[in-house]
Amino acid sequence: MPKEILLDLPLITIVGSKEMSIENFKGIVEYTDDCIRVNTGAGVLKVQGRKLLLKQITSEIINISGVIKSVEL
Amino acid sequence: MFLNIWNYIRGYVTIEASGFSVERFINMAAHRGVYIWDVHPSGAKISMKMSVNGFKRLKGCTKKTKCKMRIVKKSGLPFLMYKYRKRRVFALGILLFVVALYLLSSFIWVVEISGNERITTNAIISFCEEIGLKPGAFKYTLDTKKMTNEFMEAFPDLSWLAIEVKGTKAKISVVETIEAPKMIDKTTPCDIVASSDGLITDIVVTSGTTLVKPRDVVKKGDVLVSGMLTIMDGEEIKGYRYTHAEAEVFAKVTEEITLTEDLRYTRKDYTGKTKKRYAVSIVKNKFNIISTGVNYRYYDKIIRTKPLNLGGDFALPVSIETAEYKEYKPVMIERKFDDAKALLTQKLDRMLEIKLEDDVFSISEREVGFEEINGKAVLNAAITVQMRIDEKAEPRAAIPGQDNIEH
């Protein structure tokens, strides 16, 4: 079994600086143009950037696209 | 991309959500299993897309999160069908069109033959019609394997045949056998006779008894080389044996050619006025497109037929015929004798060119004379050519020594 499922931790995949996907999250705390905050099992993940869009959201995965400047755990 | 098609077929709405905590609203949607995509904020509002079912399920969420949902756009097949629910006949028409198109392209409309050199195209086409491969044949009931076999049986000259049905075209490719060299029957006795009058220049004999030599004048039908061999026993003639004579006999032959050309003729002076009339023919029935008649007194009619096809291999049994009527005025022209002479000489030259290609080896003499008779220019030419005059014929008992050939 993968680690993130066992320990209920998020799996963050970043492709370059334009795409990002977070798996295994709990919910969205804040969503604006330049800051998205996602609640996960490891705390609140803050993504900062410009023109951030939520490409898809389901209960397991969330896809963010846009210009990503920083990711804070 | 396929996801988009799938969403379009199911139908989706674009909504705008505004309120206090839109994030909680999105969370609730995600947790309830509603798939949301293309989320972007526009000012204080956030717009997103979700499926129609999802939308229905989220109606209850708005109250809990104190958000307002507003439908901005409805897209998808279900909405389209609802919009045109009164236009059922239109939909039926579309369906009929598709069915008709499929049906029409299930028949063969054009049969194309390629690769044949010795066997005439007409022979192949008429055989095709006999076995059922003709325009109007239903594609799916054709047994091409059986037809290929039938073809190979009927035409022994074929070494390979393929029938390919592509679209509405049946392509028949043919490869013929290499022609066996003509067997010269070396057993039947025969003589070599002259095919025309002439003066002999050369003889090359392969078998037989020669009866003539160079500088002899022969007439048409004279025996040049006899297939009869006399068997001698010492000084006595024991008997005769007939063989197959073979020889090449070259001679000078004089031919007379007469050509005439009218000095007065009518020339067509096209006035430049033309009229076009159209006709449409569907499966061999012709329908003229009605219009006023053509009232020229003298005219040339040129008919051009153009078959229609849906691009490439899908030929339809419909063709458009354009008949162009060109008016002309007939004018009587008197040709000068010199011009007529030049024209006749041209004609003669062309005739001789063809002759040279055929059989004749060289033209040695040429005498040309012109006269005017009854308003026509006449060319009389005596052409002497050197050609082969040997011809095989049934053997005649020509006894060597006794013949009527001038030496």
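The model shown is predicted, which means the values in this text are computed figures rather than measured ones.

What counts, and at which threshold
- Starting afresh in each chain, residues are numbered from 1 along the sequence in its written order.
- A letter from A marks each chain and a number from 1 marks each ligand, given out in the order of writing.
- Owing to the predicted nature of the model, reporting of local features is limited to residues with pLDDT of at least 70; listing and counting of side-chain atom pairs is limited to 80 or more, with chain, interface and lining totals taken over all residues.
- Only hydrogens and water are removed before side-chain values are computed, so all heavy atoms of the structure are retained for them.
- By the criteria applied, helices consist of DSSP H or I runs no shorter than four residues and strands consist of E runs no shorter than two, each listed in order from the N terminus.
- A simple rule labels every residue: compare its accessible area, found with a 1.4 Å probe on the protein chains alone, to the largest value its type can have, and call it buried under 20%, exposed over 50%, or partly exposed in between.
- Residues are treated as being in contact if the distance between any of their heavy atoms lies within 4.5 Å.
- Accessibility throughout is a Shrake-Rupley quantity obtained with a 1.4 Å probe, and a residue counts as covered only by protein chains that appear here.
- When DSSP locates at least two bridges between a pair of strands, those strands are taken to pair.
- Defined in terms of a 1.4 Å probe, buried area is the accessible area two parts forfeit on being brought together, summed over both.
- Salt bridges, as used here, are contacts in which a Lys or Arg side-chain nitrogen is within 4 Å of a carboxyl oxygen on Asp or Glu.
- The term polar contact refers here to a pair of N or O atoms within 3.5 Å; inside protein, the definition further demands a hydrogen-donor-capable atom paired with an acceptor-capable atom, and it admits residues adjacent in sequence only when both atoms are side-chain atoms.
- Residues were grouped as follows: Ala, Val, Leu, Ile, Met, Phe, Trp, Tyr, Cys and Pro as nonpolar; Asp, Glu, Lys and Arg as charged; and all remaining residues, including Gly, as polar.
- Between 30 and 60 degrees the pair is tilted, below 30 it is stacked and above 60 it is edge-to-face, where a pair is any two Phe, Tyr or Trp rings, Trp via its six-membered ring, whose centres lie within 6.5 Å.
- Remark: nonpolar core denotes a set of buried residues (Ala, Val, Leu, Ile, Met, Phe, Trp, Tyr, Cys) joined through side-chain atoms within 4.5 Å.
- By arc we mean the arc of the directions from the helix axis to the C-beta atoms, nothing more.
- Each residue carries a pLDDT value, the predictor's own confidence for that position, ranging from 0 to 100.

**Q** Explain the overall build of chain A to me, using residue names and the numbers behind them.
**A** Along the backbone of chain A there are 1 helix and 6 strands. The order of α-helices and β-strands along chain A, N terminus first, is α-β-β-β-β-β-β. By the burial criterion, 34% of the 73 residues in chain A qualify as buried. Considering only contacts in chain A between residues 6 or more positions apart, those separated by 24 or more positions represent 38%. Surface accessibility of chain A: about 4100 Å² in total, with carbon and sulfur atoms responsible for 53%.

**Q** Provide a residue-level description of the sheet that holds strand β22 (residues 362-373) of chain B, including the pertinent values.
**A** Strand order in this open sheet of 5 strands is β13-β11-β17-β23-β22 (chain B), and the pairing throughout is antiparallel. Where the open sheet ends on each side, the last strands, each with one partner, are β13 (217-218) and β22 of chain B.

**Q** A description of the interface of chain A and chain B should follow, citing residues and the corresponding values.
**A** Between chain A and chain B, the residue contacts involve 16 residues of the former and 14 residues of the latter. The largest share of the area that chain A buries against chain B comes from I28, Y31 and I57 of chain A, three residues that together contribute 42% of it. Linking chain A with chain B are 0 salt bridges, by the criterion used here. The interface formed by chain A and chain B includes 8 residue pairs in polar contact (both at pLDDT 80 or more). Going through the elements one at a time, β3 (27-31) and β5 (43-57) of chain A are the ones with two or more residues in the side of chain A that touches chain B. When residues of the side of chain A that touches chain B are assigned to their parent elements, the largest contribution, 6 residues, is made by β5 of chain A. Residues of the side of chain A that touches chain B, tallied by class, amount to 7 nonpolar, 5 polar and 4 charged. Sheet topology note: the β5 of chain A/strand β2 (residues 36-42) of chain B ladder contains 3 bridges and is antiparallel. Among the inter-strand pairings, L54 of chain A is bridged to a residue of β2 of chain B, identified as V39 of chain B.

**Q** Which residues make up the packing of aromatic side chains, and what values do they have?
**A** The relation between two aromatic rings is expressed through the spacing of the ring centres and the mutual angle of the planes. Residue and element names in this part refer to chain B. Scanning all chains against the criterion turns up 11 aromatic pairs over all chains. Look at F138 and Y140: their rings are 5.8 Å apart centre to centre, the planes differ by 75°, and that puts the pair in the edge-to-face class. For F138, a relative accessible area of 33% puts it in the partly exposed group. Ring plane angle 20° and centroid distance 5.9 Å describe the contact between F151 and F155, whose orientation is recorded as stacked.

**Q** I'd love a proper account of the nonpolar core, names of residues and values included.
**A** Residues and elements named next belong to chain B. Counting residues in each nonpolar core, the largest one holds 32 residues, and the members touching the most others are M48 and M50. Leaving out residues up to four positions away in the same chain, M48 has contacts with V13, T14, I15, A17, F25, I26, I36, W37, D38 and V39. Formed by 26 residues, the second largest nonpolar core is a distinct cluster that contains V225, L263, L352 and L379.

**Q** Explain the side chain of D390 of chain B residue by residue, including any values.
**A** All names here are of chain B. Tracing the backbone shows D390 in strand β24 (residues 390-393). For D390, a relative accessible area of 19% gives the class buried. Reaching out from D390, the side chain makes a polar contact with the backbone nitrogen of V249 at a distance of 3.1 Å. Side chain to side chain, D390 and R388 meet in a polar contact 2.8 Å long. When neighbours within four sequence positions are excluded, D390 is seen to be in contact with I192, V193, A247, E248 and V249.

**Q** Let's hear about the sheet that holds strand β10 (residues 191-194) of chain B: which residues, and what values?
**A** All names here are of chain B. The strand order across the open sheet formed by 4 strands is β12-β14-β10-β24, and the pairing between neighbours is antiparallel. Sheet topology places β12 (209-210) and β24 at the edges, where each strand pairs with a single neighbour. Sheet topology places β10 next to β24; 4 bridges connect them, and they run antiparallel. Along β24, the bridge assignment pairs V193 with E391.

**Q** Describe helix α7 (residues 121-131) of chain B, with residues and values.
**A** All names here are of chain B. For α7, the full list of buried residues reads I124, F127 and C128. Buried positions in α7, seen along its axis, are confined to an arc of 105° and lie on one side of it. Exposed residues on α7 whose side chains face more than 90 degrees from its buried face are N122 and E130. Of the surrounding elements, those touching the buried residues of α7 are β6 (110-114), α8 (144-154) and β9 (169-176). Note on α7: the residue one or two positions beyond its end, G132, has a positive phi of about 105°.

**Q** Hey, could you go over α8 of chain B for me, with residue numbers and the actual values?
**A** Residues and elements named next belong to chain B. Within the sequence span of α8, burial applies to M147, T148 and F151. Looking straight down α8, one finds its buried side chains confined to an arc of 105°; they lie on one side. α8 presents K145, N149 and E153 as exposed residues on the side facing more than 90 degrees away from its buried surface.

**Q** Kindly report on the environment of Y328 of chain B, identifying the contributing residues and their values.
**A** By secondary structure assignment, the location of Y328 of chain B is in strand β21 (residues 315-334). Apart from residues lying up to four places away in sequence, Y328 of chain B is in contact with K268, D269, Y270, T271, Y298, Y299 and D300 of chain B.

**Q** So what's going on with the side chain of N27 of chain B? Residues and values would help.
**A** In this fold, N27 of chain B is placed in helix α2 (residues 22-31). A polar contact of 2.4 Å, which involves the side chain of N27 of chain B, links it to the backbone nitrogen of I28 of chain A. In this structure N27 of chain B touches G27 and I28 of chain A, once residues within four positions along its chain are discounted.

**Q** Residues and numbers for unusual backbone geometry, please.
**A** Residues apart from glycine generally show negative phi values, whereas peptide bonds are mostly found in trans. Residues and elements named next belong to chain A. Positive phi, normally seen in glycine, also occurs at D8, with a value near 55°. With respect to the helices, strands and loops of the structure, D8 is situated in the loop between α1 (3-6) and β1 (11-15). A relative accessible area of 34% places D8 in the partly exposed class.

**Q** Can you lay out the environment of L104 of chain B for me, pointing to particular residues and giving the numbers?
**A** Note on placement: L104 of chain B falls in helix α6 (residues 88-104). When neighbours within four sequence positions are excluded, L104 of chain B is seen to be in contact with W109 and T168 of chain B.

**Q** If you had to explain the confidence of the model for chain B to someone new, which residues and values would you point to?
**A** All names here are of chain B. Of all residues in chain B, 92% attain a pLDDT of 70 or more, and the chain-wide mean is 80. When mean pLDDT is compared element by element in chain B, α6 scores highest at 89, while helix α4 (residues 59-65) scores lowest at 72. Per the prediction output, this complex has pTM 0.41; the corresponding ipTM is 0.78.

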